[in-house]
Amino acid sequence: MLTMNASIASYLDASILVTTGIVLAMWKTEFSLNAWWVGALSTLVTLSVAFGSAIGGYLSDKFGRVTVFNIDILFVALGTFLVALAPNLPVIVVGLFIAGAASGADLPTSLAVISERTEPDQYGKVIASTEIYWLGGIVISQGLGFLTASLGYMSSRILFAWLGVVALITWAIRALSPKFHQLEVSMIVPVERRASTKEEIAAEKIPFKKLISMPRYFVPMIGLTGFYLFWNIPANTWGSFLNYFLVTIDGRSQQFSTLCAFFANILGAFVLYGIYMKFADTKYRYVMTRIGLILCILSFVLSAAFGGVWWIFTISYFVYCCANMLHGEPLFKIWSQSLYPVHVRASVTGISYSIVRAVTAIFSFVTPAIMAYSPTLLIWLLVGSLAICWLSAELVMRFIAHHNIPDPVYSSHERKLDHNKKLAINKETH
């Protein structure tokens, strides 16, 4: 119940970004916007999420994760209702900023709330399950976009009103349910069970500013931020501009583009639920990571090689959506809760989120212009981004192994080495 409610933060984050992407073509027509204005609106949403992530994580660690957790979602409802009821473009801009900032603040806060109440050996399955809601945000938004595509500008009102209703119901459960409050208090895992070494227990008492200056915590933050950034650039690009690309560049209909994304992301959800969550806490975690990255890169290379032809691009997008669930944000969420003490997780994760979203906001601003200049160039840039993502992932894996940080991949390897060592000693003894 707690995970489901907290995961709405991931649902709303994805929904706001994707819904904005869906309605960009409608807003372009309704308000006679040029390519730069289209990029500016997408950039505004991403920048507001970055801003919210930066301050939300810090505020939740300072004033209480549950308190901030409850306030954030109320402002998401306010912002999305503003966009839904907006009579003009300036009100839409204000609503997008409020909704984006509030959903950004809820992301690191919700992850910290969940991990603080989860045993470390279950992080993979429980934290990765939040990604189901992130995918749900994409799929449901695309589905509603398809169903309302024929309504024109009214479609954008319906899509954002739906998000406001979801946010308001979630807030009511968080703030008004005695059973939910009891769960939040009773499920907190004691520090002795969360930390596996004396050093980790001691780190729970070190202030954030001092802790983050220590190489043990600063270095993985850099690697993890790089990994998430270069994974997020392609994910945010197609989350925000898939409809715009297929409609404006490839000449497909609004119905085709929304339906394409809808089914591709449903397949991705099956991969996440049926494969990733099943093996996330096993020795196969990084096997899945490498397979996913290889397939994502190859799908973009194939599409770029054929110049972004719509039917090849569509097939490549389906492959990308499935393979993308084997690494990226699910792994980032697990690492972000495994590498830091609980009292600073929201702050550190918020910093990573804010940096990533700020950079992707800049990229979003120029994306429509790059598309207009050369769709193939855009796809090759995304290939390069995923290659850097892979390099960053390998560096984080090496850091985890070198510092003996609890991890199902290296822990199982160490247990095997210890077992072999004991067998050798017994053999010598006999």
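These numbers were taken from a predicted model, which means no experiment stands behind them.

Caption draft 1: Focus on the overall build of the chain. Along its length, the chain carries 20 helices and zero strands. Counting only residues that meet the buried cut, the chain has 56% of its 430 residues in that class. The contacts in the chain between residues at least 6 apart in sequence include a share of 83% that link residues at least 24 apart. Of the accessible surface of the chain, which amounts to about 17600 Å², a share of 71% is contributed by carbon and sulfur atoms.

Caption draft 2: Geometry of the nonpolar core. Core analysis: the biggest nonpolar cluster contains 108 residues, and L12, W27, W238, Y276, Y317 and W335 have the highest contact counts within it. Per-element tally for this core: the top contributor is helix α13 (residues 215–249), with 15 residues. Shared between two domains, this core holds at least three residues of each, these being domain 1 (1–190) and domain 2 (206–429). Residue contacts for L12: discarding those within four places in its chain leaves I73, V76, L163, V166 and A167. Judged by nonpolar contacts, the second largest core, of seven residues, contains L2, F69, V113 and F180.

Caption draft 3: Geometry of the environment of Y133. Positionally, Y133 belongs in helix α7 (residues 130–147). Judged by relative accessible area, which is 22%, Y133 ranks as partly exposed. In this structure the C-alpha to C-alpha distance between Y133 and D13, which are 120 residues apart in sequence, comes to 9.6 Å. Apart from the residues lying within four places of it in its own chain, the contact partners of Y133 are M4, S7, I8, S10 and Y11.

Caption draft 4: Here's a closer look at the side chain of R285. Counting through the fold element by element, R285 comes out in helix α15 (residues 285–305). R285 sits in the buried class, given a relative accessible area of 4%. Other than its neighbours up to four places away in sequence, R285 contacts G124, Y276, F279, A280, L331, I334, D407, P408 and V409.

Caption draft 5: The packing of aromatic side chains, seen in detail. The full count for this structure, using the stated rule, is 20 aromatic pairs. Aromatic side chains F256 and W310 sit 5.5 Å apart centroid to centroid with 85 degrees between the ring planes, which places their arrangement in the edge-to-face category. With F256 in helix α14 (residues 254–279) and W310 in helix α16 (residues 310–323), the pair connects residues that are 54 residues apart, well separated along the chain. With a relative accessible area of 31%, W310 lands in the partly exposed category. Plain terms: the ring middles of Y286 and W335 are 5.9 Å apart, the flat faces sit at 50 degrees to each other, and that makes the pair tilted. With a gap of 49 residues between them, Y286 in helix α15 and W335 in helix α17 (residues 329–338) connect regions that are remote in the sequence. Accessibility expressed as a relative area gives 1% for W335, which makes it buried. Aromatic rings pair up to connect W238, F245, F300, F313, Y317 and Y320 into one cluster.

Caption draft 6: Region of the structure containing unusual backbone geometry. In this structure, N404 takes a positive phi of about 55 degrees despite not being glycine. Summarising the element assignment, N404 is placed in the loop between α19 (375–402) and α20 (408–429). What makes N404 exposed here is its relative accessible area of 55%.

Caption draft 7: Layout of the confidence of the model for the chain. Per-chain confidence: the chain averages 82 in pLDDT, with 90% of residues scoring 70 or above. Every residue in residues 413–427 is under pLDDT 50, and counting partners more than four places away or in other chains gives one contact.

Caption draft 8: Focus on the packing of α14 against α16. In contact at an axis separation of 7 Å, α14 and α16 are set at 30 degrees when each is read in the N-to-C sense. The pairing of α14 with α16 is recorded here as roughly parallel in orientation. α14 and α16 meet at a crossing whose hand is right-handed. Residue-level contacts link F256, C260, A261, F263, A264, N265, L267, G268 and V271 of α14 to W310, T314, Y317, F318, C321 and C322 of α16. Looking at the contact of α14 with α16, its residues break down into twelve nonpolar, three polar and no charged.

Caption draft 9: Focus on the environment of W162. For W162, the location among the structural elements is in helix α8 (residues 153–176). Given a relative accessible area of 38%, W162 falls into the partly exposed group. Counting along the chain gives 82 residues from W162 to T80, while the straight-line C-alpha distance between them is 8.5 Å. With residues near it in sequence (within four places) discarded, W162 still touches Y11, I140 and L144.

Caption draft 10: Highlighting the state of the cysteines. For the coordinates displayed, the defined rule picks out zero disulfides. No disulfide involves C260; its sulfur sits 7.6 Å from the nearest other cysteine sulfur, which is in C321. In this structure C321 is a free cysteine whose sulfur lies 6.9 Å from that of C322, the closest cysteine sulfur available.

Reading the values: rules and limits
Residues numbered from 1 in each chain as written. Predicted model: local features only at pLDDT ≥ 70, side-chain atom pairs only at ≥ 80, totals over all residues. Heavy atoms only, no water. Helix = DSSP H or I, 4+ residues; strand = E, 2+ residues; numbered from the N terminus. Buried < 20%, exposed > 50% of the residue type's maximum accessible area, 1.4 Å probe, protein only. Contact = heavy atoms within 4.5 Å. Areas by Shrake-Rupley, 256 points an atom, 1.4 Å probe, with all protein chains shown as cover. Core = buried A, V, L, I, M, F, W, Y, C linked by side-chain atoms within 4.5 Å. Domains from an automatic or database assignment. Phe/Tyr/Trp six-rings, centres within 6.5 Å; stacked < 30°, edge-to-face > 60°. pLDDT = per-residue confidence, 0-100. Axes fitted to C-alpha atoms, helices over the stretch in contact; angles between N-to-C directions. Parallel < 35°, antiparallel > 145°, perpendicular 65-115°, else oblique. Left-handed = near helix turned anticlockwise from the far one by under 90°. Nonpolar A, V, L, I, M, F, W, Y, C, P; charged D, E, K, R; others polar. Disulfide = S-S within 2.5 Å.

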